[in-house]
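The chain contents come next:
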Amino acid sequence: MDDVWQNAMDHAVAVARKAGQMVREALHSTQMDAVMVKSSSVDLVTQTDQKVEKLIIQSVKEKFPTHCFIGEESVAAGEACVLTDNPTWIIDPIDGTTNFVHTYPFVAVAIGFSVNKQIEFGVVYSCLQDQMFTARRGRGAFCNGEPLQVSPQRDIHKAIIAVEFGSNREAQTVDKIFSSLKRIVSIPVHGVRGAGSAAINMCLVASGCVEAYYEIGIHVWDMAASSLIVSEAGGVLMDVEGGPLDLMSRRVLAANNQSIAERLVKEIDSFSPLRDDAPLAQ
Ligand code: IPD
Ligand code: CA
C-alpha cells in the first residue's frame, strides 16, 4: 500500500522539532506571573503554548492548505472541537504545561493526524529529553528511530501504573480519582507514577517502562498522537469502563496487554466529563 501520508508525517516530525526548540528556549524565561489559567486555577497556559501552536498550524497550512485542525489553544480561544473524516491535525503544543511552568523536565509537543476519524500517524516530541516518538499506522512505533515494544508483564502485581490527577479539583472528582488510586495501589502493584504529561505517560507504556496508564478528564489533543504510538508498540487502548476508546470522551486506558487493562477496569471508579465535541455553550 502506498504510504500517502509520509510527506505529512515528515513535516510533523520537522515542525515538532522546531516547536521543541522554542519550548526549550522559553523554559527558563517564563515568569510565574505570566502564567494564565483556563478551566480552573490549576489548568495553566502560557504565551509559549499559544506561540508554539501558531507556529505549527501556520507551517502545516502552508504545505497542506485544505487540511483541518484541532489545536488545544485554538479550542480554548473558541474554535470548535469536531473530528470529521477530513485529514485533521490534532495538536497539543505543550503537553505538560504545569511541568513547563515549573521546569519539571517532562514536556512534549504532540501532533496526531487523523483521516476518516482514524489516526494515521502520531508524533510526540519529549523536548527536554530530545526523544522523538513516532508511529505510522501499520508500520510500528519508534523512539529516535529505535523500535518500541510494550512490556511483556502479565502479572498486575508486578506492574507500574501511570496515573494523573488532572486539573479538576471539584470534591466529587477528587474523591473518585483517589478511590481508584487506593484500589489500584492496594492490589498491590509494584508502583504508581505520573510524568505530568499524558502523551509522555503513553509513550512510557509504548516503551515498556510502565505497564499501563489511565486518566479521566484528558482531551483529544493529549492522547491522539500517543494512542497510535501505544497500539503500534503492541499495546491496547480502551475506555476506562472497557469499551472501545473514544478519542472525544476524555477518558483513556492504555496498557501493555488486554489482561492488565481488564484488571484495571475493575478498579477504576469511572465518571464522564463533558465530551470534547459537546456543542459549545451559547
Ligand atoms: C495535561 C497533561 C496532564 C493531564 C491533563 C492534561 P496540558 O495536558 O497531559 O498530565 O493530567 O489531563 O490536560 O494541559 O499540559 O496540555
Ligand atoms: Ca497543552
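Treat the numbers as computed from the prediction; the structure is a model and nothing was measured. (Residues numbered from 1 in each chain as written. Chains lettered and ligands numbered in written order. Predicted model: local features only at pLDDT ≥ 70, side-chain atom pairs only at ≥ 80, totals over all residues. Heavy atoms only, no water.)

Engineer: Now, about the sheet that holds strand β10 (residues 160-162): what can you tell me, with residues and values included?
Structural biologist: Taken together, five strands build an open sheet; the order of strands is β11-β10-β12-β14-β13 and the sheet is mixed. In the strand order of this sheet, the two ends are held by β11 (191-193) and β13 (236-238), each with one partner. Averaged over all neighbouring strand pairs, the angle between strand axes comes to 20°, with direction disregarded. The pairing of strand β12 (residues 212-216) with strand β14 (residues 251-255) spans five bridges and is antiparallel. When the bridges of β14 are listed, Glu215 appears paired with Val252. Helix-sheet contacts for helix α5 (residues 171-185) involve β10, β11 and β12, and the interaxial angle to β12 is about 160°. Set on the sheet, helix α6 (residues 198-207) makes contact with β10, β12, β13 and β14; between it and β12 the angle comes to about 155°. (Pairing = 2+ DSSP bridges. Helix = DSSP H or I, 4+ residues; strand = E, 2+ residues; numbered from the N terminus. Axes fitted to C-alpha atoms, helices over the stretch in contact; angles between N-to-C directions. Contact = heavy atoms within 4.5 Å.)

Engineer: Describe the coordination of the calcium ion (ligand 2), with residues and values.
Structural biologist: Taken together, Glu72 (OE), Asp92 (OD), Asp92 (OD) and Ile94 (O) make up the protein donors of the calcium ion (ligand 2), found 2.1 to 3.2 Å from the metal. Sequence spacing among the residues donating to the calcium ion (ligand 2) works out to E-x19-D-x1-I. Taken together, the residues Glu72 in helix α3 (residues 72-76) and Ile94 in strand β4 (residues 88-95) connect sequence positions 22 residues apart. As far as burial versus exposure is concerned, Glu72 and Ile94 are alike and both buried. (Donors = N, O, S within 2.8 Å, 3.2 Å for Na, K, Ca; no water. Buried < 20%, exposed > 50% of the residue type's maximum accessible area, 1.4 Å probe, protein only.)

Engineer: Which residues make up helix α7 (residues 220-232), and what are the values?
Structural biologist: Since the α-helix packs 3.6 residues into each turn, any two residues three or four apart lie on the same face. With 13 residues, α7 should cover 18 Å at 1.5 Å per step; its first-to-last C-alpha distance of 18 Å lies within 8% of that length. The largest bend in α7 amounts to roughly 30° and is located at Ser226. Of all the 13 residues making up α7, eleven are buried; the element is thus mostly covered by neighbouring parts of the structure. For α7, every residue scored as buried is listed here: Val220, Trp221, Asp222, Met223, Ala224, Ala225, Ser226, Ser227, Leu228, Ile229 and Val230. Where α7 ends, the next residue or the one after it, Gly234, has phi of about 100°, a positive value. (Expected span 1.5 Å × (residues − 1). Bend = angle between axes of the 7 residues up to and from the residue.)

Read these as spatial facts, not as claims about activity.
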